[in-house]
Amino acid sequence: MGNLWIGPPGAMTEIDQAARSFDRGADLNVTEFRSLGGRITVTRSQVPARRLKLAWDLLAPVHARALDRIARRVDGSTTVYVVDPAAGNVLGAAQAAGRGDAGATGITGLAQWFRTSATGTVAESTTVPGTYVFTSADATSSVAWRSTGTTSNFPVSPGISVSFRAPTAFAPLPTCTTNIDFKDATGTYLSSAFGAGPLASGTAPAGAAFATPTAKPGAAGIWSLAGACLTYGGTAADGVPGDGLPPMSVTGYTDNPGRPQPYRSFSIDLVEVSGAAG
């Protein structure tokens with residue numbers, strides 16, 4: 001498990017001090033209605049929103065200042081990303097399971113993957129509706145994963161370690177290879193972490209703001225996209241449920257002088273958003 005990183009792509013701050021409290025539950029927005037006859041009807045949001053509540057005692061001044069800047073939007077950013085050290089897989093929940101994410105606006109099945117080669121196609125399975133497969137026409141066919149947040153690439157910052165594991169169906173193939181492509185803030189390619197097999201791991205280089213994981217079966221065939229894993233600060237494992245890496249906005253914070261100074265008692269609350277005003 002790695003440390004927590006927070007901030008906009010390319011400028012995330014690493015918080016290496018463990019929080020005193022860390023609540024990462026999702027807001028299910030469930031409402032119960034009980035009829036006079038005693039029957040219960042439940043309504044809920046189609047897509048639960050993640051909420052994070054973090055608090056530190058005696059937080060180091062450098063970290064407190066960074067969080068204060070984020071909370072007060074000193075640098076103008078209204079949305080940030082939080083690399084949660086408790087998240088084992090930052091792919092979307094449906095994406096990690098190889099399914100279309102019908103609940104997320106604009107994130108259809110085909111928006112979660114794309115080919116990065118001249119050959120190969122991503123399509124809904126003809127045998128298991130709602131799941132998606134990659135058809136490789138030859139050894140060069142390659143598929144990539146898109147972030148289900150507001151960016152098409154996964155946000156990183158220099159120094160973040162990233163690990164990617166190919167879908168379960170790819171792993172037994174002796175010809176399978178993987179890559180994590182690092183890009184700058186404009187999307188320009190910088191470098192890659194290469195894996196001669198189903199696992200690739202690397203550290204984001206200087207100037208990196210985004211990463212795109214890719215996998216190549218290395219043989220012609222039809223392969224399920226279920227079981228892929230992208231993780232930060234650890235080693236990606238097979239079949240880990242997706243937590244997602246959504247954009248978040250600060251909804252509240254507290255900042256109090258600690259004893260002894262200059263340490264601070266600091267808390268920050270964030271909620272998953274599709275955008276933020278102002």
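Just so it is clear, the model here is predicted, and its values are computed rather than measured.

S.K.: Explanation requested: the overall build of the protein chain in the structure shown.
M.R.: Scanning the protein chain from terminus to terminus reveals two helices and 22 strands. Taking 278 residues into account, the globule formula puts the C-alpha radius of gyration at 19 Å, and the protein chain, at 20 Å, falls close to it. In the protein chain, the share of contacts with a sequence separation of at least 24, taken over all contacts with a separation of at least 6, comes to 69%. Counting every atom, the protein chain has about 13100 Å² of accessible surface; 53% of that belongs to carbon and sulfur.

S.K.: So what exactly am I meant to see when it comes to empty space enclosed by the protein here?
M.R.: Remark: the empty space left among the atoms is shown by a probe the size of a water molecule rolled over them. All chains considered together, the criterion is met by one cavity of 30 Å³ or more. Every residue along the wall of the largest cavity is listed here: Arg-24, Arg-50, Leu-52, Val-82, Asp-84, Ala-87, Val-90, Asp-243, Gly-244, Leu-245, Pro-246 and Met-248. Among the residues forming the lining of the largest cavity, the class breakdown is seven nonpolar, one polar and four charged.

S.K.: Is there a simple way to explain the pairing of strand E15 (residues 177-183) in this structure?
M.R.: Here is the key point about a regular strand: its side chains alternate between the two faces of the sheet. Burial of E15 is extensive: five of the seven residues sit out of reach of the surface. The pairing of E15 with strand E18 (residues 210-216) spans seven bridges and is classified as antiparallel. The residue of E18 that forms the bridge with Thr-178 is Ala-215. As judged from the six bridges shared by E15 and strand E16 (residues 189-195), these two strands associate in the antiparallel manner. Note that in E16 the partner of Thr-178 across the bridge is Gly-195. If you look at the hairpin formed by E15 and E16, you'll find five residues sitting between the two strands, and Gly-187 has a positive phi there, around 90°.

S.K.: Help me understand the nonpolar core in this model?
M.R.: As a rule of thumb, nonpolar side chains are buried together in soluble globular proteins. One finds Trp-145, Phe-170, Leu-225 and Tyr-232 to be the most contacted residues of the largest nonpolar core, which totals 36 residues. Mapped by element, the contributors of at least two residues to this core are strand E8 (80-83), strand E11 (132-136), strand E12 (143-145), strand E14 (161-165), E15, E18 and strand E20 (229-232).

S.K.: What am I meant to see in the sheet that holds E14 here?
M.R.: Note: strands within a sheet are paired through backbone hydrogen bonds, in either parallel or antiparallel orientation. Strand order in this open sheet of three strands is E17-E14-E20, and the pairing throughout is antiparallel. Pairing within the sheet leaves two strands with one partner each, and these edge strands are strand E17 (199-203) and E20. Each strand axis lies, on average, 10° off the axis of its neighbour in the sheet, ignoring direction.

S.K.: Just to check I follow, could you spell out the pattern of salt bridges for this structure?
M.R.: Side chains that differ in charge, positive against negative, can pair when their charged atoms come close. Per the counting criterion, the structure on display carries seven salt bridges. Here Asp-243 ties to Arg-24 by a salt bridge, and the two come within 3.3 Å at their closest N and O atoms. Residue Asp-243 is located in the loop between E20 and strand E21 (247-257), and its partner Arg-24 is located in the loop between strand E3 (21-23) and strand E4 (26-27); the two are separated by 219 residues in the primary sequence.

S.K.: Explain the sheet that holds strand E10 (residues 121-124) to me, please; I cannot follow it from the model alone.
M.R.: Spatial strand order, E10-E11-E19: three strands in an open sheet with antiparallel pairing. Each end of this open sheet is capped by a strand with a single partner; those strands are E10 and strand E19 (221-224). Across the sheet, the mean angle separating the axes of adjacent strands is 30° when strand polarity is ignored. With four bridges connecting them, E11 and E19 associate as antiparallel partners. Bridge assignment links Ser-136 to a residue of E19, and that residue is Gly-221.

Cut-off values and rules
Residue positions are counted from 1 within each chain, in the order its sequence is given. The predicted origin of the model limits local features to residues at a pLDDT of at least 70 and limits the giving and counting of side-chain atom pairs to 80 or more, whereas totals for whole chains, interfaces and linings rest on all residues. Each side-chain value is derived from all of the structure's non-hydrogen atoms; neither hydrogens nor water enter the calculation. In DSSP terms, a helix is any run of H or I states spanning at least four residues, a strand is any run of E spanning at least two, and both are numbered starting from the N terminus. Atoms counted for the radius of gyration: C-alpha only. Globule rule: 2.2 Å times residue count to the power 0.38. Residues are treated as being in contact if the distance between any of their heavy atoms lies within 4.5 Å. All accessible areas in this document rest on Shrake-Rupley with a 1.4 Å probe, and a residue is counted as covered only by the protein chains that are shown. A 1.4 Å probe that fits but cannot get out identifies a cavity on a 1 Å grid over protein atoms alone, an open set with protein on both sides within 12 Å along at least five of seven lines counts as a pocket, and a residue lines either if it has an atom within 4 Å of a point. Grid points are joined across faces, edges and corners, and a volume is the space filled by probe spheres set on the points. Classification used: nonpolar for Ala, Val, Leu, Ile, Met, Phe, Trp, Tyr, Cys and Pro, charged for Asp, Glu, Lys and Arg, polar for all others including Gly. Summary of the burial criterion: residues with accessible area below 20% of their type's maximum are buried, those above 50% are exposed, and those between are partly exposed, where the area comes from a 1.4 Å probe applied to protein chains only. DSSP bridges decide pairing: two strands pair if at least two such bridges lie between them. In this text, buried Ala, Val, Leu, Ile, Met, Phe, Trp, Tyr and Cys residues form a nonpolar core when linked through side-chain atoms within 4.5 Å. Between the N-to-C directions of two axes lies an angle of 0 to 180 degrees, each axis being a line fitted to C-alpha atoms and, for a helix, fitted only over the stretch in contact. A side-chain nitrogen of Lys or Arg and a carboxyl oxygen of Asp or Glu constitute a salt bridge if their distance falls within 4 Å.

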